[in-house]
Amino acid sequence: MENNTEKNKNFVSDESASGDRSVSCEKQVCAADAALAEDVFIEKKTSVKQKRKFNFSILMLILGIILVLYSVSLVLPIIWGMICSLKTKADFRTNVFGLPEGWPWNWAWENYESVFQTFMIPVESGAGTRNVYFLEMMWYSILYAVGCSFAATFIASVVAYLVAKFPYKFSKIVYTVVIVAMILPIVGSLPSEIQMARALGFFDHIWGLWLMKANFLGLYFLVFHGVFKNIPQEFSDAAYVDGAGNLTVLFRIVYPIIKNTFFTVMLLNFIAFWNDYQIPLIYLPSFPTAAYGLYWFTSASLNTNSNVPMKLAGCMIVLVPILVLFLFFSNRLIGNITIGGLKE
Amino acid sequence: MKKKSKVEKKENEKFAAFKRAVSDFFYNLSVKVHGKMPHKQAGATAIGLKKRNDMIFYCLMMLFPVAQFCTFYIAVNLNSVILAFQSYDTLTGVHSWAGFDNFKLVFYNLFNDPTMLYSAKNSLILYACGLVVGVPLALWFSYYIYKKKPLFRVFKVMLFLPSIISAIAMSVMFTYFAERAIPQLLKLIFNKSFEGLLSGSKTAFGTLVFYSIWIGFGTGILMYSGAMNSISDSVVEAAQIDGIGMIREFFSITIPLIYPTIVTFLVVGVAGIFTNQMNLFSFFGPNAENSLSTFGYYLYKNTQTASFSDYPYLSSMGIVMTIVAVPLTLLVKYLLEKFGPSTD
């Protein structure tokens, strides 16, 4: 049983959610059928297979080639950026494609150092202004991204749990609201939101954004809803019989079961918030995050003859932690998260 | 040492008092709830008790998410509507009733302001390109991954990579790649000097559309290939026994079976006409050429640089777009569901 839930943990679908066990049974039956069919049609199948293989390869070859080209076109600018971030300003002007001048220990590693020394944003604080440097921005980035991603993931998961496991009428209303909010395209509510944040005192505070991002709307609610529907009720019931309260069941039984999904969703949220510069640009004028700083620094002097390699070094500092995180957890992040159709 | 323990004790006492207060509060609350259910008052069974506890737990856990939703979804959007009918006096800081003045201005600008006309055109072209090029490519790529053809894992990571890279870092690297490296390369090949792809007026729009599609595969691939993976093997096997080709399988089996997921994506995507910024803000900050503008960019840029007095106008523009977008989305949903392949 436990194995079964393990397997289904990442497999989320609001449609298949209702009949987890029946689906897996059906699959087994199908597999048996297929095995039988294989014996019966074995001769016919081999001849078909040969014909089919030819079709396969041409189509898939073309797709494969397109995908290889795509991958190359994607990696090329990134690698080019990495190499160029190690060139001096003069070197970059004359030598656009080649490796940086000199040996690796002579490359312009100082670009990275100067990012921390010269990337700064003047911020109003009390009476005067003070300069926020890149290291401080990184700290704000971490505060912003960790806090917001935890708030968003936690609230989405709690509400999804309540909706999935407590069959009140209100649960149905919440589910419908999420679907409707997902379909309804509300455009241009940003000015109103800014006004609201100012009125509540959330404006220009990182904790204010944590609270603002702690909503349950969106795709991840559906992901959690599917996961919770798939957890057999027996686990919780056993705990209830032993006298556990609802909170105990939620945090000691249910969350350990879904911790993988929780972690995955939180990581996806973390990456999104780490990279986000448009929200901090509006809401956090006194707490610039690293992505915001990068935007500030790159767009302030985009067309002037500024130090391109240093800007690229700044990009690398923002990019590399996420890239490492992604490559490390790529299997988990791009596993099977699926949603089905929209049901109202 | 002693002092510390004293402090600790004090803290503990404080905490205990707090705990007592909280539990008293809950006790009172539960008594009140209990009082409201007279038929269960006498001799509440264990099941009745559990039901009541569930109710209390549910309400308490829902309290914050619902309050958050009411503030940052319902109240924000209502405020947006109210704001649209107001005007703001910068000197006195007073909002006053403005009737339909803002809307008149919006409609006037929609048909006379060249930026708005460009925005409309560009947004529609971008959406159409995404629909005609982006979605089919994403489907074919997902099919390749679903069929587990050579290197499919690598391609999956590659296709998802742009979604996790900071938009600002990616656009900075792409900018310099397109502005410096590509013209240099073309010069080497054709022995003629070329303009940068983004600064050249002829190539800028095309480059931006390409870029949007180029980095936009991530989520689609994840969802489509996830949906394809949940297609029952028996259906595919049966079709293959009948000698179905790869292309035929794609159109007659794969697409109809994942159709609900495609509909979800297309329906949610309609809002993109009004919200897609075409990465203009990442590339140019608030200084993009008017002829490149899109609705999403126009709204974000003006909100970001706006003062209080601009908010009513921006809100009314948002409302006009919402009034167009909502029926459009519902229409697309209706049409896709009516004329799509049956999912049985």
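You'll find the structure just up there.
Notes on the structure in this doc start here.

1. What to know about the overall build of chain A
Phase 1 of the analysis: Scanning chain A for helices and strands turns up 15 helices and two strands.
Phase 2 of the analysis: Counting every position in chain A, which comprises 344 residues, the buried fraction comes to 52%.
Phase 3 of the analysis: Restricting to contacts in chain A with at least 6 residues of sequence separation, those with at least 24 account for 72%.
Phase 4 of the analysis: Element-wise, carbon and sulfur atoms account for 65% of the exposed surface of chain A, whose accessible area totals about 16500 Å².

2. Here's the deal with the interface of chain B and chain A
Phase 1 of the analysis: Every contact between the two is made by 104 residues of chain B and, on the other side, 112 residues of chain A.
Phase 2 of the analysis: Roughly 9800 Å² is buried in total at the junction of chain B and chain A, and carbon and sulfur atoms are behind 76% of that figure.
Phase 3 of the analysis: Applying the counting criterion to the chain B and chain A interface returns zero salt bridges.
Phase 4 of the analysis: Seen at the junction of chain B and chain A, the total is 19 residue pairs in polar contact (both at pLDDT 80 or more).
Phase 5 of the analysis: Sort the elements by how many residues they give to the side of chain B that touches chain A and helix H3 (residues 46–84) of chain B lands first, with 23 residues.
Phase 6 of the analysis: When the residues that make up the side of chain B that touches chain A are grouped by side-chain class, the tally is 66 nonpolar, 28 polar and ten charged.

3. Overview of the side chain of His225(A)
Residue and element names in this part refer to chain A.
Phase 1 of the analysis: Relative to the helices and strands, His225 is located in helix H10 (residues 219–230).
Phase 2 of the analysis: Taking the relative accessible area as the measure of exposure, His225 reaches 9% and is therefore buried.
Phase 3 of the analysis: For His225, the residues in contact, after removing those within four places along its chain, are Ala160, Val163, Ala164 and Tyr175.

4. Thoughts on the pairing of strand S1 (residues 86–89) of chain B
For a regular strand, the rule is simple: side chains alternate between the two faces of the sheet.
All names here are of chain B.
Phase 1 of the analysis: Because side chains alternate across S1, one face comprises the buried residues Gln86 and Tyr88, and the other comprises Ser87 and Asp89, none of which is buried.
Phase 2 of the analysis: Pairing between S1 and strand S2 (residues 94–97): four bridges, direction antiparallel. Of the residues in S2, the one forming a bridge with Tyr88 is His95.

5. Details of the pattern of salt bridges
Residues and elements named next belong to chain B.
Phase 1 of the analysis: Tallied over the full model, the rule gives four salt bridges over all chains.
Phase 2 of the analysis: One salt bridge in this structure joins Lys50 and Asp54, with 2.9 Å as the shortest N-O distance. Here Asp54 and Lys50 lie together in helix H3, a separation of four residues that amounts to about one turn.
Phase 3 of the analysis: The class for Asp54 is buried, based on a relative accessible area of 13%.
Phase 4 of the analysis: A salt bridge links Lys147 to Glu249; the nearest nitrogen and oxygen atoms lie 2.8 Å apart. Taken together, the residues span a long stretch of sequence, with Lys147 in the loop between helix H5 (114–146) and helix H6 (152–164) and Glu249 in helix H11 (residues 246–257) at a distance of 102 residues.
Phase 5 of the analysis: Judged by its relative accessible area of 18%, Lys147 falls in the buried class.
Phase 6 of the analysis: Classification of Glu249 by relative accessible area gives buried; the value is 1%.

6. Topic: the packing of helix H6 (residues 134–165) of chain A against H10(A)
All names here are of chain A.
Phase 1 of the analysis: The interhelical angle for the contact between H6 and H10, taken along N-to-C directions, is 45°, at an axis separation of 8 Å. By the angle between their directions, the pair H6 and H10 is classed as oblique. Read as a crossing pair, H6 and H10 show a hand that is right-handed. Residue-level inspection shows Thr153, Ala156, Ser157, Val159, Ala160, Tyr161, Val163, Ala164 and Lys165 of H6 in contact with H10, the latter providing Phe221, Phe224, His225, Phe228 and Lys229.
Phase 2 of the analysis: Residues belonging to the contact of H6 with H10 are distributed by class as follows: nine nonpolar, three polar and two charged.

7. Notes on the packing of aromatic side chains
Phase 1 of the analysis: Enumeration according to the criterion identifies 63 aromatic pairs over all chains in this entry.
Phase 2 of the analysis: On the basis of an interplanar angle of 75° and a centroid distance of 5.7 Å, the ring pair of Phe202(A) and Trp207(A) is categorised as edge-to-face.
Phase 3 of the analysis: In this structure Trp207(A) comes out as partly exposed when scored by relative accessible area, which is 42%.
Phase 4 of the analysis: When the ring of Phe210(B) is compared with that of Trp214(B), the centres are 5.8 Å apart and the planes differ by 20°; the resulting orientation is stacked. Residue Phe210(B) and its partner Trp214(B) are both found in helix H8 (residues 204–214); the two are separated by four residues, about one turn of the helix.
Phase 5 of the analysis: Here Phe210(B) falls in the partly exposed class, since its relative accessible area comes to 45%.
Phase 6 of the analysis: The cationic tip of Arg198(A) hangs over the ring face of Phe203(A); the distance from NZ or CZ to the ring centre is 3.9 Å.
Phase 7 of the analysis: Of note, Lys50(B) hangs over the ring of Tyr240(A), and the distance from its end group to the ring centre comes to 3.8 Å.

8. A word on helix H12 (residues 246–275) of chain A
Phase 1 of the analysis: If you check H12(A), its first and last C-alpha atoms are just 37 Å apart, much less than what 30 residues at 1.5 Å a residue would give, namely 44 Å.
Phase 2 of the analysis: Helix geometry: H12(A) is bent most strongly at Lys259(A), by close to 60°.

9. A closer look at the environment of Ser315(B)
Phase 1 of the analysis: By secondary structure assignment, the location of Ser315(B) is in helix H16 (residues 311–339).
Phase 2 of the analysis: When the C-alpha positions of Ser315(B) and Gln86(B) are compared, they lie 9.8 Å apart, and in sequence the two are 229 residues distant.
Phase 3 of the analysis: Setting aside its immediate chain neighbours within four residues, Ser315(B) contacts Gly188(A), Pro191(A), Ser80(B), Leu83(B) and Ala84(B).

10. Re the nonpolar core
Phase 1 of the analysis: Ranked by size, the top nonpolar core spans 195 residues in total, and within it Tyr161(A), Phe221(A) and Tyr283(A) carry the most contacts.
Phase 2 of the analysis: The biggest single contributor to this core is H6(A), with 17 residues.
Phase 3 of the analysis: Viewed by domain, this core spans two of them, domain 1 (2–97) and domain 2 (101–339) of chain B, each represented by three or more residues.
Phase 4 of the analysis: Among all residues touching Tyr161(A), those that are not within four sequence positions of it are Phe166(A), Phe228(A), Tyr240(A), Val249(A), Leu250(A), Val254(A) and Phe57(B).

11. Quick notes on a nonpolar patch on the surface
Phase 1 of the analysis: Judged by side-chain polarity, Phe97(A), Leu185(B), Leu188(B), Ile189(B), Phe190(B) and Phe194(B) come together as a nonpolar surface patch covering roughly 620 Å² of accessible area.
Phase 2 of the analysis: By the element assignment, Leu185(B) lies in helix H7 (residues 167–190).
Phase 3 of the analysis: When its relative accessible area of 41% is taken as the criterion, Leu185(B) is described as partly exposed.

12. Examining the pairing of strand S2 (residues 128–133) of chain A
Residues and elements named next belong to chain A.
Phase 1 of the analysis: In this sheet, S2 lies alongside strand S1 (residues 120–125) in antiparallel orientation, the contact comprising six bridges. Opposite Ile121, over in S2, you have Val132 as the bridge partner.
Phase 2 of the analysis: Hairpin connection from S1 to S2: two residues lie between these consecutive antiparallel strands, with Gly126 at a positive phi of about 60°.

So, how was this worked out
- Residues numbered from 1 in each chain as written.
- Chains lettered and ligands numbered in written order.
- Predicted model: local features only at pLDDT ≥ 70, side-chain atom pairs only at ≥ 80, totals over all residues.
- Heavy atoms only, no water.
- Helix = DSSP H or I, 4+ residues; strand = E, 2+ residues; numbered from the N terminus.
- Buried < 20%, exposed > 50% of the residue type's maximum accessible area, 1.4 Å probe, protein only.
- Contact = heavy atoms within 4.5 Å.
- Areas by Shrake-Rupley, 256 points an atom, 1.4 Å probe, with all protein chains shown as cover.
- Buried area = accessible area lost by both parts, 1.4 Å probe.
- Salt bridge = Lys/Arg side-chain N within 4 Å of Asp/Glu carboxyl O.
- Polar contact = N/O pair within 3.5 Å; in protein donor to acceptor, adjacent residues only side chain to side chain.
- Nonpolar A, V, L, I, M, F, W, Y, C, P; charged D, E, K, R; others polar.
- Pairing = 2+ DSSP bridges.
- Axes fitted to C-alpha atoms, helices over the stretch in contact; angles between N-to-C directions.
- Parallel < 35°, antiparallel > 145°, perpendicular 65-115°, else oblique.
- Left-handed = near helix turned anticlockwise from the far one by under 90°.
- Phe/Tyr/Trp six-rings, centres within 6.5 Å; stacked < 30°, edge-to-face > 60°.
- Lys NZ or Arg CZ within 6 Å of the ring centre and 35° of its normal.
- Expected span 1.5 Å × (residues − 1).
- Bend = angle between axes of the 7 residues up to and from the residue.
- Core = buried A, V, L, I, M, F, W, Y, C linked by side-chain atoms within 4.5 Å.
- Domains from an automatic or database assignment.
- Patch = residues over 30% accessible without salt bridge, like charges linked within 9 Å, V, L, I, M, F, W, Y side chains within 5 Å.

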